[in-house]
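Here is how the chains run, residue by residue.
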2 protein chains.
Amino acid sequence: MGKVYVVGIGPGEYEQMTMRAANALNSCDVIVGYTVYVDLVKEHFAGKEFLTTPMKKEVDRCILAFEEAKKGKTVAMICSGDAGVYGMSGLMLEIGKDYPESEVEVIPGVTAAIGGAAVLGAPLIHDFALISLSDLLTPWEKIEKRLVLAAEADFVICLYNPSSKKRHDYLQKACDLMMQHKSPKTVCGTVLNIGREGETMTLMTLEELRDAKVDMFTTVFIGNSETKVVNGKMVTPRGYKNV
Amino acid sequence: MGKVYVVGIGPGEYEQMTMRAANALNSCDVIVGYTVYVDLVKEHFAGKEFLTTPMKKEVDRCILAFEEAKKGKTVAMICSGDAGVYGMSGLMLEIGKDYPESEVEVIPGVTAAIGGAAVLGAPLIHDFALISLSDLLTPWEKIEKRLVLAAEADFVICLYNPSSKKRHDYLQKACDLMMQHKSPKTVCGTVLNIGREGETMTLMTLEELRDAKVDMFTTVFIGNSETKVVNGKMVTPRGYKNV
């Protein structure tokens, strides 16, 4: 049974990957992933075998990876951003139970929250909460509860999956819920296409965010009560003794 | 005025750095940082000028970086993990106001939450909150409130700075607060020395965590209500439809 890596490739371009991730991809025989991510890395790992499955076929993709490893190949399953933040590492470890001889190594990467924060300035310097607005696998009531309590706790909040065709009004709902505890003037920011062509950052207030156009390639940041704009960047001070 | 990079070097060994971070360090004249982090990278960037300041001299360190840039040098300020998570990017952007000709670029890295999660398995697959237990710059009452509300929201919780000589009982206090809403049997994990020599992971329950020995090199993970142990790894399922 060959070794199985689960690799976070970072938020965009090749050089946003860690050297450890690149080394794992160089050492493997097969690279498995969602079509879009495989296309992102293909040119940098010539000579590898590439296997893809479409979106929503995550279980099939994991089985595919382990079946290749069973043939004695070293396999890398790639994920955008980090493998462990809404990524494939959990499912791989669960499905790995059916392949008891398999050795699975998770290689971390820069997730969109971290990559997007660097584009906006320094919004995540202090305690923060990360929430996905996708209710595909989570009941919306649970998401609502997290939004309200995270706002009450004055966390900086980063939102993944803020919108999709079916969920066009979810960000609006989320902003209304957060405004139960956060000021409408709270500093917010969005980053589109982090680390790749078309990267765009925008600063706004929470009440403006409510009506902002976002899509599935946008990561959203809502400041805490101390977050401010410094020279056109979104900055959360580290604490009350800060300059 | 030379360019100023603020660079997250990842959680430990050199290869945990992104290629973008390594490229920035290769391109600069001066590397500035806390002594311990400079020692971590020194051997890989021979021929650079290295400038260090001790812990708690963060403001001096930022001024030092900008003063070097003022001489026309390209400067990199390095941070352990990510530059934007309890890192130096915020302070650099604030102090950068005094150097209006400066161009500051933040380069993200793998923070301890992401790096430690990969060691434990997949604890952060779903919504999570990151909280520092250090009350050096934050009132303890605010930290308490965040712990209780994050537990009530059923977030996976990652704790930074769980202990120090002066704060030996803070983790105990934090566990008691989280147990107002989380079961004492909640799956938890700790990782010591992420990505470097002596890396050690340990799984336990929340009530066991309460009395665990941790230090300032430990990152702590508290699962949500669905987090489980899979083949000796800590795994949070992605959602209710998961296998």
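Fair warning: this is a prediction, and the values are worked out from it, not measured in the lab.

Cut-off values and rules
- As a convention, each chain's residues are numbered from 1 in the sequence order in which they are written.
- Lettering for chains starts from A, numbering for ligands starts from 1, and both go in the order in which the items are written.
- In keeping with the predicted nature of the model, local features appear solely for residues at pLDDT of at least 70, side-chain atom pairs appear and are counted solely at 80 or more, and the whole-chain, interface and lining totals rest on all residues.
- Excluding hydrogens and water, the side-chain figures rest on all heavy atoms present in the structure.
- Counting from the N terminus, the helices are DSSP H or I runs at least four residues long and the strands are E runs at least two residues long.
- The globule rule used here is 2.2 Å times the number of residues to the 0.38 power, and the radius of gyration it is set against is calculated over C-alpha atoms.
- Three exposure classes are used, based on accessible area relative to the maximum for each residue type with a 1.4 Å probe and protein chains only: buried under 20%, partly exposed in between, and exposed over 50%.
- Counted charges follow a simple rule, with Lys and Arg positive, Asp and Glu negative, and His plus the chain ends left uncounted.
- Just so you know, the charge point we use is NZ for Lys, CZ for Arg, CG for Asp and CD for Glu.
- Contacts: residue pairs with any heavy atoms within 4.5 Å of one another.
- A quick way to say it: buried area is the sum, across both parts, of accessible area lost when two parts are put together, with a 1.4 Å probe.
- One side-chain nitrogen of Lys or Arg within 4 Å of one carboxyl oxygen of Asp or Glu is enough to make a salt bridge.
- Amino acids are sorted into nonpolar (Ala, Val, Leu, Ile, Met, Phe, Trp, Tyr, Cys and Pro), charged (Asp, Glu, Lys and Arg) and polar (every other residue, Gly among them).
- Within a predicted model, pLDDT stands for the predictor's per-residue confidence, ranging from 0 to 100.
- In a helix, the anticipated span is given by 1.5 Å times the number of residues less one.
- The arc in question is traced by the directions running from the helix axis to the C-beta atoms.
- Patch rule: a residue counts if its relative accessible area is over 30% and it has no salt bridge; like charges are joined within 9 Å, and nonpolar side chains (Val, Leu, Ile, Met, Phe, Trp, Tyr) within 5 Å.
- For the area figures, the Shrake-Rupley method with a 1.4 Å probe applies, and any residue is considered shielded solely by the protein chains shown.
- Least squares is the method used to superpose the copies, on C-alpha atoms of residues holding a pLDDT of at least 70 in both.

With respect to the overall build of chain A
Across its full length, chain A carries eight helices and 13 strands. Expected size for 243 residues packed as a compact globule is a radius of gyration near 18 Å; at 19 Å, chain A falls within 12% of this value. Principal-axis analysis of the C-alpha atoms gives chain A an extent of 55 × 35 × 35 Å. Out of the 243 residues belonging to chain A, those deemed buried represent 60%. Here chain A contributes 27 positively and 31 negatively charged side chains, and the mean placements of these two sets differ by 2 Å.

Let's talk about the interface of chain B and chain A
In this complex, chain B contributes 73 residues to the contact, which on the side of chain A involves 74 residues. Buried area between chain B and chain A, summed over both chains or domains, comes out near 6300 Å², and the portion from carbon and sulfur atoms is 60%. Area buried by chain B at its contact with chain A is led by Met19, Leu137 and Arg146 of chain B, which between them contribute 12% of it. Counting every contact that joins chain B to chain A gives eight salt bridges. For the salt bridge of Lys228 of chain B with Glu94 of chain A, the shortest nitrogen-to-oxygen distance reads 3.0 Å. Each residue belonging to the side of chain B that touches chain A can be placed in one class, and the counts come to 35 nonpolar, 20 polar and 18 charged.

Points about the environment of Ile107 of chain A
Residues and elements named next belong to chain A. Along the polypeptide, Ile107 turns up in strand 5 (residues 104-107). As for Ile107 and Pro139, which are separated by 32 residues in sequence, their C-alpha atoms are 30 Å apart. Those residues within four positions of Ile107 in sequence are excluded, and the remaining contacts are Tyr5, Val6, Val7, Gly8, Thr18, Arg20, Ala21, Ala24 and Ala83.

Focus: the confidence of the model for chain A
Chain-level statistics for chain A give a pLDDT mean of 94 and a share of 98% at 70 or above. Here the prediction assigns the complex a pTM of 0.96, and the interface score ipTM is 0.96.

Things to note about helix 3 (residues 58-70) of chain A
All names here are of chain A. Spanning 13 residues, helix 3 covers 19 Å between terminal C-alpha atoms, matching the ideal 18 Å at 1.5 Å per step. Three or more residues of helix 3 are buried, namely Glu58, Arg61, Cys62, Ala65, Phe66, Glu68 and Ala69. Seen along its axis, helix 3 keeps its buried residues to an arc of 155 degrees; they face one direction. Packing partners of the buried residues in helix 3 comprise strand 1 (4-8), strand 2 (30-34), strand 3 (49-53), strand 4 (75-79), helix 4 (89-95) and strand 5. Trailing helix 3 by a residue or two, Gly72 shows a phi angle of about 100 degrees, which is positive.

Details of a nonpolar patch on the surface
Residue and element names in this part refer to chain A. Residues Met55, Met216 and Phe217 make up a contiguous nonpolar surface patch of roughly 320 Å² in combined accessible area. For Phe217, the position within the fold is in the loop between helix 8 (206-209) and strand 11 (218-222). For Phe217, a relative accessible area of 48% translates into the label partly exposed.

Considering the relation of the copies chain B and chain A
When chain B is brought onto chain A, the operation consists of a screw motion whose angular component is 180 degrees and whose axial shift is 0.0 Å, with 0.0 Å RMSD remaining. In symmetry terms, the pair is related by a two-fold rotation axis. The fraction of interface residues of chain B whose copies in chain A are also interface residues reaches 100%, indicating that both copies meet through the same surface.

Some remarks on helix 6 (residues 140-152) of chain B
For helix 6 of chain B, with 13 residues, the first-to-last C-alpha span of 18 Å sits near the 18 Å given by 1.5 Å per residue. Trp140, Ile143, Arg146, Leu147, Val148, Leu149, Ala150 and Ala151 of chain B are the residues of helix 6 of chain B that are buried. Buried residues in helix 6 of chain B make contact with helix 6 (140-152) of chain A together with strand 7 (128-132), strand 8 (156-160) and helix 7 (170-178) of chain B. Following helix 6 of chain B by one or two positions, Asp154 of chain B has its phi on the positive side, about 60 degrees.

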